[in-house]
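# Descriptive analysis of the structure
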Amino acid sequence: MDIERFMQGYKAAWEARDPALFAALFHPDGRYHNTPFQVQQGSAQLMEYWKRVQLQEDVQVTFEILGAGIAHWHTTYQVASEDLFQIWAKSTGTNLVSRQPGDPLPRMVLDGMLVATFKDGLCAEARIWWHSQPQA
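Now for a description of the structure that goes with this document. (Residues numbered from 1 in each chain as written. Predicted model: local features only at pLDDT ≥ 70, side-chain atom pairs only at ≥ 80, totals over all residues. Heavy atoms only, no water.)

## With respect to the overall build of the chain
Operational definition: In this description a helix means any DSSP run of H or I spanning at least four residues, a strand means any run of E spanning at least two, and both kinds are numbered starting from the N terminus. Accessible areas in this description were obtained via Shrake-Rupley with a 1.4 Å probe; residue shielding takes into account the shown protein chains only.
A count of helical and extended segments in the chain gives four helices and six strands. Order of helices (α) and strands (β) in the chain, N terminus to C terminus: α-α-β-β-α-β-β-α-β-β. Here the chain has roughly 7,300 Å² of accessible surface; of this, 53% comes from carbon and sulfur atoms.

## Concerning the nonpolar core
Operational definition: The nonpolar core is taken to be a set of buried Ala, Val, Leu, Ile, Met, Phe, Trp, Tyr and Cys residues, with the residues joined through side-chain atoms within 4.5 Å. Burial classes follow relative accessibility: with a 1.4 Å probe on protein chains only, a residue under 20% of its type's maximum area counts as buried, one over 50% as exposed, and anything between as partly exposed. Residue contacts follow a heavy-atom distance rule, with two residues in contact if any of their heavy atoms lie within 4.5 Å.
Counting residues in each nonpolar core, the largest one holds 30 residues, and the members touching the most others are Phe-6, Tyr-10, Trp-14, Phe-26, Tyr-32, Trp-50 and Leu-114. Those residues in contact with Trp-50 that sit more than four places away from it in its chain are Tyr-10, Ala-13, Trp-14, Asp-18, Pro-19, Phe-22 and Tyr-32.

## Concerning helix α1 (residues 3-16)
Condition: Every helix has an expected span of 1.5 Å times one less than the residues it contains. In this description, the arc belongs to the directions extending from the helix axis to the C-beta atoms. Two N or O atoms count as a polar contact when they lie within 3.5 Å, although within protein this holds only if one can serve as hydrogen donor and the other as acceptor, and sequence-adjacent residues are included solely when both atoms are side-chain atoms.
Taking 1.5 Å as the rise per residue, α1 with 14 residues should run 20 Å; its terminal C-alpha atoms sit 19 Å apart, in good agreement. Those residues of α1 that sit buried are Ile-3, Phe-6, Met-7, Gly-9, Tyr-10, Ala-13 and Trp-14. End-on view of α1: buried residues confined to an arc of 160 degrees, all on one side of the axis. Put simply, Asp-2 is the residue that caps the front of α1, since its side-chain oxygen is 3.2 Å from the backbone nitrogen of Glu-4. Of the residues one or two after α1, Arg-17 is the one with positive phi, at around 55 degrees.

## Here we look at the sheet that holds strand β4 (residues 70-79)
Keep this limit in mind: A pair of strands is treated as paired once DSSP finds two or more bridges between them. To get an axis, a line is fitted to the C-alpha atoms, and for a helix only the part in contact is used. The angle between two axes follows their N-to-C directions and goes from 0 to 180 degrees.
Ordered by their spatial adjacency, six strands build an open sheet running β2-β1-β6-β5-β4-β3, and the pairing between neighbours is mixed. With partners counted over all chains shown, the strands left at the sheet margins are β2 (38-41) and β3 (56-67), one partner each. Going across the sheet, the axis of each strand differs from the next one's by a mean of 20 degrees, ignoring polarity. The sheet contact formed by β4 and strand β5 (residues 107-119) spans nine bridges and is antiparallel. Along β5, the bridge assignment pairs Thr-75 with Leu-110. Packed on one face of the sheet, α1 meets β1 (26-35), β3, β4, β5 and β6 (122-134) and runs near 170 degrees to β3. In the packing of helix α3 (residues 42-50) onto the sheet, the strands contacted are β1 and β2, and the crossing angle to β1 comes to about 40 degrees.

## Let's talk about the pattern of salt bridges
Basically, it comes down to this: The working definition used for a salt bridge is a side-chain nitrogen of Lys or Arg within 4 Å of a carboxyl oxygen of Asp or Glu.
All told, the structure shown has five salt bridges when counted by the stated rule. Note that Glu-48 and Lys-51 form a salt bridge whose closest N and O atoms lie 3.1 Å from each other. Given the relative accessible area of 51%, Glu-48 is considered exposed. Taking the relative accessible area as the measure of exposure, Lys-51 reaches 42% and is therefore partly exposed. Three or more residues joined by partner-sharing salt bridges are found here, namely Arg-31, Glu-125 and Arg-127.

Encoded structure:
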């Protein structure tokens, strides 16, 4: 596996909202750093973390390979649950979206970078850095 194949699988797993497909990209003890301070290791933790994408709808992922093991990615999705919105709002540290009870949930835009290393044909470690905001 190289960064191109990994990103094709990452896109497919995210758009399908499929935790097993996501975990299959990784070596059995593979690590995914979804923030600089959080890491999921091994198939069970990877699948558990990726379940949150099932709270997204109409997911669209694009990416560009920047170099060996480095990709820039861009994702949009419709927030499909109040729980996911609260996860996002807490992660930003601010309330960028003023919502009243009953207001529609936003469509989100995420832009990020991914750096990955590979071992035995699978991802050994992936680190992402990203920002998000409601789509204008």
